[in-house]
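# Fold and contact review
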Amino acid sequence: MQNERLQLNRNLAQMLKGGVIMDVTTPEQARIAEEAGACAVMALERIPADIRAVGGVARMSDPKMIKEIQAAVSIPVMAKCRIGHFVEASVLQAIEIDYVDESEVLTPADDRHIDKTAFDVPFVCGARNLGEALRRINEGASMIRTKGEPGTGDVVQAVRHMRCIQEEIAALVSVRPEQLDEAAENMRVPRSLVEWVHEHGRLPVVNFAAGGVATPADAALMMQLGAEGVFVGSGIFKSGNPQKRAAAIVQAVTNYRDAALIASLSEDLGEAMVGINENEIALLMEKRGD
Amino acid sequence: MRIGVLALQGAFIEHIQMLTSLGAECVEVRSIADLNGLDGLVLPGGESTAQGKLLRATGLWAPLREGILAGLPVFGTCAGLILLSATIANDDRRHLATMDIETERNAYGRQLGSFFTYADFAGERIPMSFIRAPYIRRVGQGVEVLSVVDGRIVAARQCNMLVTAFHPEITDSTAVHRYFLDMVKANKA
């Protein structure tokens with residue numbers, strides 16, 4: 001990937017900031033998401049909660065279904081490929097997806113991640129800590145999101161991952177220059193990347209929250225913890241009133257410090273997704289890929 | 001100079017950083033209370049559908065539109081250009097619709113159609129990043145074309161309204177922001 005293309009791909013993520021990216025499984029859901037104010041949609045056959053319920057191997061979605069969603073909305077459309085599955089990624093590039101999510105929600109296809117510098121299409125990847133985020137960026141990811149624990153409606157892991165990334169950035173800013181080599185070695189990334197974070201005090205790409213966000217307050221919590229935007233997976237279309245909940249989450253992300261507004265947005269939203277606690281689940285998706 | 005930057009969704013921080021570096025005082029606009037005492041307004045890039053929806057939900061739509069119609073200098077980039085367009089060729093939605101231009105959304109296709117180039121803006125050669133960008137298909141009377149790339153209009157001005165299809169806020173050129181601040185200054189004088 002040329003430098004220019006990488007920059008344009010990072011730029012698209014900048015345009016998504018302050019927004020909500022919603023998982024959708026049909027063109028109808030995609031239209032509901034767009035009308036509610038989503039800044040992008042993630043097209044997939046099954047939302048994470050159902051991937052959990054069904055079990056088995058989860059793969060890239062049917063390209064036909066993704067194309068139907070692309071035709072239904074004017075906002076960017078993202079889709080997931082398996083970790084390490086560079087052919088699934090190239091298929092998604094061939095149908096001109098706007099962003100590929102190399103995602104732990106699907107069953108990993110390799111122990112190593114895709115060399116994303118070989119693609120023109122942008123990639124977003126999950127991370128639990130700064131080292132993981134920088135390894136993905138070094139591989140060519142142009143956007144990062146927390147892994148969280150997808151499909152649970154339990155936000156605790158997303159909170160941990162966001163806090164961890166922020167705290168590790170703060171720690172890296174305050175190390176002495178002669179310690180940067182060691183930091184780079186520990187995180188298994190080039191020194192130049194570590195230096196950049198040390199100087200700027202942030203990731204060189206946009207960082208969203210993902211995994212377990214189910215309510216307007218969850219979304220605002222992630223924004224207050226430093227997320228630049230929010231992915232909502234199962235939380236919307238597994239709930240009682242998707243339209244209303246989607247619009248409420250969009251507004252909560254914009255006005256994430258306005259508690260009075262979030263209170264009114266949280267009224268009468270109907271059933272939230274049922275949710276599973278992190279200690280009740282057998283499969284920890286966040287452990288996939290490092 | 002006090003410039004409001006619409007902060008509902010999108011790349012508003014980038015505009016604030018650039019305007020601040022040029023000596024302007026910036027305010028994030030999220031609610032009606034943020035509109036007091038503004039000398040100018042920036043509508044940043046992002047998704048126009050999301051921003052349009054939030055403009056209405058926050059009650060900002062009417063006061064912003066009135067302000068612009070009353071002469072408040074405004075600068076829209078990409079999605080901001082779409083918000084200001086009187087007509088959108090491939091979308092039924094209308095937003096602020098104060099500027100006599102017809103726009104085509106996502107006119108260069110999806111992200112793989114995004115591109116970077118150098119071209120003239122009001123006589124100055126500057127870097128331009130087009131991200132899932134629109135362009136202007138038609139301009140009405142009294143609209144001055146400020147930039148053309150590959151035969152397509154990508155920057156224009158009508159009285160107090162300035163629009164670019166590209167994103168000067170994410171490049172290292174301050175030319176467009178300086179141009180806008182000059183508009184604000186002239187309006188104040």
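To start, this report covers the structure provided alongside it. Only a predicted model underlies this, so the values are computations on that prediction, with no experimental measurement involved. (Residues numbered from 1 in each chain as written. Chains lettered and ligands numbered in written order. Predicted model: local features only at pLDDT ≥ 70, side-chain atom pairs only at ≥ 80, totals over all residues. Heavy atoms only, no water.)

## Some points on helix α9 (residues 191-200) of chain A
Residue and element names in this part refer to chain A. By the burial criterion, the buried members of α9 are L193, V194, V197 and H198. Projected onto a plane normal to the axis of α9, the buried residues spread over an arc of 140° and lie on a single side. In α9, the exposed positions angled more than 90 degrees off the buried face are occupied by S192 and E199. Where α9 is buried, its residues touch α6 (130-138), α7 (156-173) and α8 (180-187). Positive backbone phi, approximately 70°, marks G201, located one or two places after α9. (Buried < 20%, exposed > 50% of the residue type's maximum accessible area, 1.4 Å probe, protein only. Helix = DSSP H or I, 4+ residues; strand = E, 2+ residues; numbered from the N terminus. Arc of directions from axis to C-beta. Contact = heavy atoms within 4.5 Å.)

## Let's talk about the nonpolar core
Counting residues in hydrophobic clusters, the biggest one holds 117 residues, and the most contacted among them are L92 and M222 of chain A together with L6, L41, F121, F130 and F166 of chain B. No other element matches helix α12 (residues 242-254) of chain A, which puts seven residues into this core. If we skip the residues at most four places from it in the chain, L6 of chain B touches F12, V29, V42, L43, P44, L55, L60, L64 and L83 of chain B. (Core = buried A, V, L, I, M, F, W, Y, C linked by side-chain atoms within 4.5 Å.)

## Describing the pairing of strand β12 (residues 161-164) of chain B
Residues in a regular strand point their side chains to alternate faces of the sheet. Residue and element names in this part refer to chain B. The side-chain alternation of β12 yields two buried faces, one formed by M161 and V163 and the other by L162 and T164. Taken together, the four bridges between strand β11 (residues 152-158) and β12 define a ladder with antiparallel strand orientation. Residue pairing in the sheet places A156 in a bridge with V163 of β12. Linkage of β11 to β12, two consecutive antiparallel strands, is achieved through a turn of two residues, within which C159 is found at a positive phi near 50°. (Pairing = 2+ DSSP bridges.)

## A few points about the interface of chain B and chain A
The partner chain A presents 34 residues to the 33 residues of chain B that form the contact. Surface buried jointly by chain B and chain A totals about 2700 Å² across both partners, of which 53% is contributed by carbon and sulfur atoms. Summed over the three residues of chain B that lose the most area to chain A, namely R110, Q111 and L112 of chain B, the buried surface amounts to 26% of that side. At the boundary of chain B with chain A, the tally comes to five salt bridges. Note that R93 of chain B and E35 of chain A form a salt bridge whose closest N and O atoms lie 3.0 Å from each other. Counting across the interface, chain B meets chain A through 20 residue pairs in polar contact (both at pLDDT 80 or more). Of all the elements in the fold, those that place two or more residues in the side of chain B that touches chain A are α1 (12-21), α2 (48-57), β7 (115-121) and β8 (124-130) of chain B. A per-element tally of the side of chain B that touches chain A places α2 of chain B first, with five residues. The residue inventory of the side of chain B that touches chain A, partitioned by class, reads 13 nonpolar, 11 polar and nine charged. (Buried area = accessible area lost by both parts, 1.4 Å probe. Salt bridge = Lys/Arg side-chain N within 4 Å of Asp/Glu carboxyl O. Polar contact = N/O pair within 3.5 Å; in protein donor to acceptor, adjacent residues only side chain to side chain. Nonpolar A, V, L, I, M, F, W, Y, C, P; charged D, E, K, R; others polar.)

## Quick look at the sheet that holds strand β2 (residues 40-43) of chain A
Residues and elements named next belong to chain A. The strand order across the open sheet built from eight strands is β7-β6-β5-β4-β3-β2-β1-β8, with neighbouring strands paired in parallel fashion. Both edges of this open sheet fall to β7 (206-208) and β8 (230-232), since each of them pairs with a single strand only. Between one strand axis and the next, the sheet turns through 30° on average, direction left out of account. (Axes fitted to C-alpha atoms, helices over the stretch in contact; angles between N-to-C directions.)

## Here's the deal with the pairing of strand β3 (residues 40-43) of chain B
Residues and elements named next belong to chain B. Residues G40 and V42 point to one face of β3 and L41 and L43 to the other, with burial holding for every one of them. Of the strand pairs in this sheet, β3 and strand β4 (residues 74-77) are connected by three bridges, and their pairing is parallel. Among the inter-strand pairings, L41 is bridged to a residue of β4, identified as V74.

## Details of the pattern of salt bridges
Side chains that carry opposite charge are capable of pairing whenever their charged atoms lie near each other. Using the criterion set out here, one finds 36 salt bridges over all chains in the structure. E139 of chain A is the partner of K116 of chain A in a salt bridge, and the nearest nitrogen-oxygen pair spans 2.8 Å. Linking K116 of chain A in the loop between β4 (99-103) and β5 (123-127) with E139 of chain A in the loop between α6 and β6 (143-146), this pair joins segments that are 23 residues apart in sequence. A residue is classified by how much of its surface remains accessible, and K116 of chain A, at 0% relative accessible area, is buried. A network of salt bridges, in which partner residues are shared, links E34 and E35 of chain A together with E47, D91, R93 and R105 of chain B.

## Re the state of the cysteines
Residue and element names in this part refer to chain A. Overall, the coordinates contain zero disulfides over all chains when judged by the stated rule. Unpaired in this structure, C125 has its nearest cysteine sulfur neighbour in C81, at a distance of 8.0 Å. A relative accessible area of 1% means that C125 is categorised as buried. (Disulfide = S-S within 2.5 Å.)

## Side note on the packing of helix α10 (residues 216-224) of chain A against α12 of chain A
Residue and element names in this part refer to chain A. Orientation of α10 relative to α12, taken along the N-to-C sense of each, is 25°, at an axis distance of 8 Å. Judged on the interaxial angle alone, α12 and α10 are roughly parallel. Considering the relative orientation of α10 and α12, their crossing is right-handed. Along its contact with α10, which presents P216, A219, A220 and M223, the element α12 presents A248, I249, A252 and V253. Taken together, the residues of the contact of α10 with α12 break down into eight nonpolar, no polar and no charged. (Parallel < 35°, antiparallel > 145°, perpendicular 65-115°, else oblique. Left-handed = near helix turned anticlockwise from the far one by under 90°.)

## Some points on the environment of G52 of chain B
All names here are of chain B. Mapped onto the elements, G52 comes out in helix α2. Relative accessible area serves as the criterion here: at 1%, G52 is assigned to the buried category. Separated by 45 residues in sequence, G52 and A7 have C-alpha atoms that sit 12 Å apart. Filtering out sequence-adjacent residues up to four positions away, G52 remains in contact with L83 and H95.

## Comments concerning α12 of chain A
Side chains that are three or four residues apart share a direction in an α-helix, a result of its 3.6 residues per turn. Taking 1.5 Å as the rise per residue, α12 of chain A with 13 residues should run 18 Å; its terminal C-alpha atoms sit 19 Å apart, in good agreement. With 10 of 13 residues buried, α12 of chain A lies mostly within the body of the structure. (Expected span 1.5 Å × (residues − 1).)

## Quick notes on the environment of P63 of chain A
Residue and element names in this part refer to chain A. Residue placement: P63 occurs in helix α4 (residues 63-72). For P63, a relative accessible area of 26% translates into the label partly exposed. Separated by 109 residues in the primary sequence, P63 and L172 have C-alpha atoms spaced 42 Å apart. Residues within four places of P63 in sequence aside, it is in contact with V91 and I95.

These figures capture arrangement, not role.
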